[in-house]
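Examination of the molecular architecture
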Amino acid sequence: MAITIQEEPQLITSASNPCVFTFSSTSTGNSNYSFIVELTVNGSVHSFHQRFVERSNYARFDVSEIIRNIVFSDMITDGTLSTAYTEAIASYSIRIIEKYGTPPVQVGSWTSSNTRYAINGALRHNEWINTTFSDYDMSVNQDPLFLTYFPRTEKQYCGLTESTFLGSLVSNGLVSYMNVRLYDVSGTLLYSSLANALSTSILKVVDVSPSTLIANTTLTAPNFDEAYYYTIQNEQGLSQTEQFKIYIDRECSQYTSRRLHWLNKFGVWDSYTFTKYSEESTDIKSHSYQTERGQWNSSNDYEYLTEGGERLNHAKTSTDKMKLHSDWIKQDKQNWLMRSLLESPKVYLETAASTFEPVKVTTSKFKLKQRIREGLINETIEIERTYTYQSQLN
């Protein structure tokens, strides 16, 4: 009469992918046998579940359908350097006890799993089965990655008044620090701001926008005016993340730039600025009614007037749309941009510094284009503004 937990999810994993425990017992031959599973989420008992043997004396329990409804990611708008992204991560664990007999009753004592964590991520299947989340965890890996699939061989741009974000994992939840370094066009270090304390949380998002770094570190606007690019590197003890390089976008263009931010596969935020021609349009819907052609006048005569009308508008609603065009980009950046942006459920248009408006991307398909055929690639994205204009009633 012994329960053994055979497999557990990774210490940290994505909530919208399987989070499966497998377990077995030496007592499964008893009549009316089942496992009773107690699920604890964020330190409190959430629910109880009954599981039956699926193979030999083994069963499993997947918590993802529960956890993915609990975690969520809000856009960061307050200009703070580091945000403890506690709503986008949840802790969970299970306890298991046996139930059997005629009638079946609980038998023995509870067997407990380790505590695990799920972030508000959703990886494609092949990405998920090949992803080791410890590669992103500063508490485990001494050279972890930031939480983005942005191709590291490409240049990430951000204007001086634009926003950009990076997410990182620290499973021990202790304080970590951020180092910012500014370089000139030759790669010579100009200025740095080191050991900026970050929030003590397992999942954190750092606002690495130039304006936020100027407001929260020792770096100044004149420092950024001299710089060609800057790097972000988090550290804790002997662990240091990759140095993520961000180029300062100073391009002068005859077009109005449109910067989008979207929820990426890890549940934090990716960004891209569409710098070429953008076109705004509006779809207008009329709500109308039909009346009699004539009407009674004050002399009790029934008359037909030109200004009376027959089919009239009651009100109108307008929905604004935009068509955005990217710069000419290489294959790796195009593949990342189209897949990450178009598959994201949550997208924002940056309308001013640290001001974000939710939008809907209405482009519904994409191709992962290849350099051998396309060369440099220009992409078109269509978006719909989510605020609808409603006219007066008559």
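Heads up: the structure comes first, above all this text.
Here is a short report on the structure shown in this document. (Residues numbered from 1 in each chain as written. Predicted model: local features only at pLDDT ≥ 70, side-chain atom pairs only at ≥ 80, totals over all residues. Heavy atoms only, no water.)

**Some points on the sheet that holds strand β1 (residues 3–7)**
If you walk across this open sheet you meet the 3 strands as β1-β3-β6, and the pairing is antiparallel. Two strands lie at the open edges of the sheet, namely β1 and β6 (58–62), each paired on one side alone. Averaged over all adjacent pairs, the angle separating strand axes in this sheet is 30°, with direction ignored. Here strand β3 (residues 20–25) pairs with β6 via 5 bridges, running antiparallel. Opposite Phe21, over in β6, you have Phe61 as the bridge partner. (Pairing = 2+ DSSP bridges. Helix = DSSP H or I, 4+ residues; strand = E, 2+ residues; numbered from the N terminus. Axes fitted to C-alpha atoms, helices over the stretch in contact; angles between N-to-C directions.)

**Remarks on the sheet that holds strand β7 (residues 82–84)**
The 3 strands are arranged β7-β15-β12 in an open sheet whose pairing can be described as antiparallel. Single-partner strands in this sheet number two, and they are β7 and β12 (165–169). In this sheet, neighbouring strand axes are inclined to one another by 25° on average, regardless of whether the strands run parallel or antiparallel. Here β12 runs beside strand β15 (residues 203–207); their pairing, made up of 5 bridges, is antiparallel. When the bridges of β15 are listed, Phe165 appears paired with Asp207.

**Some points on the layout of surface pockets**
For the largest pocket, the calculated volume is near 400 Å³. Considering the residues around the largest pocket, the lining is formed by 22 residues, among which Lys155, Tyr157, Asp327, Ile329 and Lys333 are closest to the centre. Elements with a contribution of two residues or more to the lining of the largest pocket: β11 (156–159), β18 (244–249), β20 (269–274) and α5 (331–342). The leading source of residues in the lining of the largest pocket is β20, at 3 residues. Looking at side-chain class alone, the lining of the largest pocket contains 8 nonpolar, 5 polar and 9 charged residues. Computed from the structure, the second largest pocket encloses a volume of approximately 310 Å³. Along its surface, the second largest pocket is lined by 18 residues, and Glu162, Ser257, Arg258, Arg259 and Thr273 are the ones closest to its centre. (1 Å grid on protein atoms, 1.4 Å probe; cavity = no way out; pocket = protein on both sides within 12 Å on 5 of 7 lines; lining within 4 Å. Points joined across faces, edges and corners; volume = space filled by probe spheres on them. Nonpolar A, V, L, I, M, F, W, Y, C, P; charged D, E, K, R; others polar.)

**Observations concerning the packing of aromatic side chains**
All chains considered together, the criterion is met by 24 aromatic pairs. Ring centres of Tyr136 and Phe266 lie 5.0 Å apart, and the angle between their planes is 50°; this geometry places the pair in the tilted category. Note that Tyr136 is positioned in the loop between α2 (125–129) and β11 and Phe266 in the loop between β19 (258–263) and β20, a separation of 130 residues in sequence. Looking at Phe266, the relative accessible area reads 1%, which means it is buried. Between Tyr302 and Tyr304, the ring centres sit 5.5 Å apart and the planes meet at 85°, which makes this aromatic pair edge-to-face. (Phe/Tyr/Trp six-rings, centres within 6.5 Å; stacked < 30°, edge-to-face > 60°. Buried < 20%, exposed > 50% of the residue type's maximum accessible area, 1.4 Å probe, protein only.)

**Observations concerning the side chain of Lys204**
Its place among the elements puts Lys204 in strand β15. No salt bridge is formed by the buried Lys204; the nearest opposite charge belongs to Asp137, separated by 9.1 Å. A polar side-chain atom of Lys204 sits 2.6 Å from the main-chain carbonyl oxygen of Ser201. Apart from the residues lying within four places of it in its own chain, the contact partners of Lys204 are Ser82, Thr83, Tyr85, Leu166, Gly167, Ser168, Val170, Ser176, Leu198 and Ser199. (Lys, Arg positive; Asp, Glu negative; His and termini not counted. Salt bridge = Lys/Arg side-chain N within 4 Å of Asp/Glu carboxyl O. Polar contact = N/O pair within 3.5 Å; in protein donor to acceptor, adjacent residues only side chain to side chain. Contact = heavy atoms within 4.5 Å.)

**Brief notes about the nonpolar core**
Ranked by size, the top nonpolar core spans 37 residues in total, and within it Met178, Tyr230, Ile232, Leu260 and Leu341 carry the most contacts. A total of 5 residues in this core trace back to one element, the largest contributor, which is α5. Residues in contact with Ile232, not counting those within four places in the same chain, are Phe146, Leu166, Met178, Asn179, Val180, Val208, Leu213, Glu242, Gln243, Phe244 and Ile246. Counting residues in hydrophobic clusters, the runner-up holds 24 residues, among them Phe23, Ala59, Tyr92 and Ile94. (Core = buried A, V, L, I, M, F, W, Y, C linked by side-chain atoms within 4.5 Å.)

**As for the pattern of salt bridges**
Applying the stated criterion to the full structure yields 15 salt bridges. Put simply, Arg116 and Glu8 hold a salt bridge, and the shortest N to O gap is 3.0 Å. Of this pair, Arg116 sits in strand β10 (residues 116–119) while Glu8 sits in the loop between β1 and β2 (12–14), and the two are 108 residues apart along the sequence. What makes Glu8 partly exposed here is its relative accessible area of 25%. The shortest N-O distance in the salt bridge between Arg259 and Glu162 comes to 3.6 Å. Of the two residues, Arg259 is situated in strand β19 and Glu162 in the loop between β11 and β12; the sequence distance between them amounts to 97 residues. By the burial criterion, Arg259 is buried, and Glu162 matches it. Through salt bridges with shared partners, one network takes in Arg124, Lys265 and Glu343.

**Examining the pairing of strand β26 (residues 355–361)**
Relative to β26, strand β25 (residues 347–352) is paired through 5 bridges, and the arrangement is antiparallel. In the strand pairing of β26, Ala352 is matched with Thr355. Bridge count between β26 and strand β27 (residues 380–385): 3 bridges; the pairing is antiparallel. Residue pairing for β27: Val359 is matched across the bridge by Arg385.

**Some details on a nonpolar patch on the surface**
A cluster of nonpolar side chains, namely Trp296, Tyr302 and Tyr304, defines an oily patch on the protein surface of about 430 Å² accessible area. For Tyr304, a relative accessible area of 62% corresponds to the exposed category. (Patch = residues over 30% accessible without salt bridge, like charges linked within 9 Å, V, L, I, M, F, W, Y side chains within 5 Å. Areas by Shrake-Rupley, 256 points an atom, 1.4 Å probe, with all protein chains shown as cover.)

**Remarks on unusual backbone geometry**
Cis geometry marks the peptide bond from Thr102 to Pro103; its omega dihedral reads 0°. In this model, Asn32 sits at a positive phi of 55°, which is unusual for a non-glycine residue. Relative to the elements of secondary structure, Asn32 occurs in the loop between β3 and β4 (34–41). The exposure class of Asn32 is partly exposed, given its relative accessible area of 45%.

Taken by themselves, the reported measurements are silent on function.
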